[in-house]
Amino acid sequence: MAALGREAGADLKDAVMVPVRAGEVPKDIRMATYTHGQPSLSLGDAEFRRPMVIEIIEKKFEYLRKEKTLNIYGTVFFGTAASFSGIMANFIFRHCFKVKHDALKTYASLTTLPFLSTVATYKLLVTDALYLGNISQENCVLRSSLIGIVCGVLYPCGLAFSKNGRLAVKYHTVPLPPKGRVLLYWLLLCQTEIKAMMIPLVLQTVFGIFNGLQHYARFGSTLEKTVHED
């Protein structure tokens, strides 16, 4: 019995003292590494998934590029309508005040300033708000129509009134107003011709509503396609 015990102890000692080479992992540990937890992706799976990921990213960029291009076209069209409104306002007030001087300067400012103000205000209040996701369809349409009225009609009228009024006073093309009733005098002087600005007022309101609806619809469609791709 003692001999058998010694032999068993020697066998156990030999089994425990089996040397392990440097850099070699025992078989049982290697098995635990591959069977415990999530298996790692093979090189073939990674190469197969890479084109799919690239294709999804390219589609997203294509959707965003199309949406941005259409948005730019709509905003430029909106600003161009404001420029035409400025030209019409300048023509009306120059005719009312009988101004013949500095035509190029006034027409240049009445063309560029309404355009730039409309584009900048629309980007700030509509486009950026849509990308932030804190604007509804009704709010988008309301903001767009108000931008058309304020930046496309009221601002050009006020700008044309001030510029041509100064020229009228400078060159004495119309009688000077009496003291204390300056604004009323100028308004009565051009009240008939100013009614023609109702045309751009209606057009800018319609353009604003249409542009707001189209922009919101395009943004929603682009966002929905992007979510489906995910």
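Looking at an unreviewed UniProt entry, one finds the chain named Complex I assembly factor TMEM126B, mitochondrial isoform X1 and attributed to Neomonachus schauinslandi.

Peer 1: Honestly, the overall build of the chain in this entry has me stumped. Any pointers?
Peer 2: What the chain contains, in helices and strands, is seven helices and zero strands. When the helices and strands of the chain are listed from N to C terminus, the series reads α-α-α-α-α-α-α. By the burial criterion, 27% of the 230 residues in the chain qualify as buried. Across the chain, the fraction of contacts at a sequence separation of at least 24, relative to all contacts at a separation of at least 6, is 80%. Surface summary for the chain: the accessible area is close to 15700 Å², and the carbon and sulfur share equals 68%.

Peer 1: Would you mind going over the packing of helix α4 (residues 103–132) against helix α5 (residues 137–171) with me for this structure?
Peer 2: Two numbers describe a pair of packed helices, the interaxial angle and the distance between the axes. Direction vectors running N to C along α4 and α5 enclose 155°, while the axes themselves pass 9 Å from each other. As summarised for this structure, α4 and α5 are arranged roughly antiparallel, according to the angle between their axes. For the element pair α4 and α5, the recorded crossing hand is right-handed. Residues that form the contact of α4 with α5 fall into these classes: 16 nonpolar, eight polar and two charged.

Peer 1: Can you help me understand the UniProt feature "transmembrane region" (unreviewed entry) in the chain in this one?
Peer 2: Here the UniProt-annotated "transmembrane region" (unreviewed entry) positions come out as residues 70–93, 113–133, 140–162 and 182–210. For residues 113–133, helix accounts for 95% and strand for 0%, while the C-alpha atoms at its two ends are 29 Å apart. This span, residues 140–162, is 100% helix and 0% strand, and a straight line between its end C-alpha atoms measures 31 Å.

Peer 1: Looking at this model, I keep getting lost on the confidence of the model for the chain. Mind explaining?
Peer 2: Low pLDDT means the predicted atomic positions in that stretch should not be read closely. Across the chain, the average pLDDT comes to 77, with 67% of residues at or above 70. The least confident element of the chain is helix α2 (residues 27–35), whose mean pLDDT is 43; the most confident is α5, at 94. Note on residues 1–41: pLDDT is under 50 here. Beyond four places in sequence and across chains, it has three contacts.

Peer 1: Quick question: what am I supposed to make of the side chain of Ser 145 here?
Peer 2: Turning to its location among the elements, Ser 145 is positioned in helix α5. Dropping the residues within four chain positions of it, Ser 145 is found in contact with Thr 205, Gly 208 and Ile 209.

What counts and how
- Residues numbered from 1 in each chain as written.
- Predicted model: local features only at pLDDT ≥ 70, side-chain atom pairs only at ≥ 80, totals over all residues.
- Heavy atoms only, no water.
- Helix = DSSP H or I, 4+ residues; strand = E, 2+ residues; numbered from the N terminus.
- Buried < 20%, exposed > 50% of the residue type's maximum accessible area, 1.4 Å probe, protein only.
- Contact = heavy atoms within 4.5 Å.
- Areas by Shrake-Rupley, 256 points an atom, 1.4 Å probe, with all protein chains shown as cover.
- Axes fitted to C-alpha atoms, helices over the stretch in contact; angles between N-to-C directions.
- Parallel < 35°, antiparallel > 145°, perpendicular 65-115°, else oblique.
- Left-handed = near helix turned anticlockwise from the far one by under 90°.
- Nonpolar A, V, L, I, M, F, W, Y, C, P; charged D, E, K, R; others polar.
- UniProt positions renumbered as here; feature names shortened; annotations may be inferred.
- pLDDT = per-residue confidence, 0-100.

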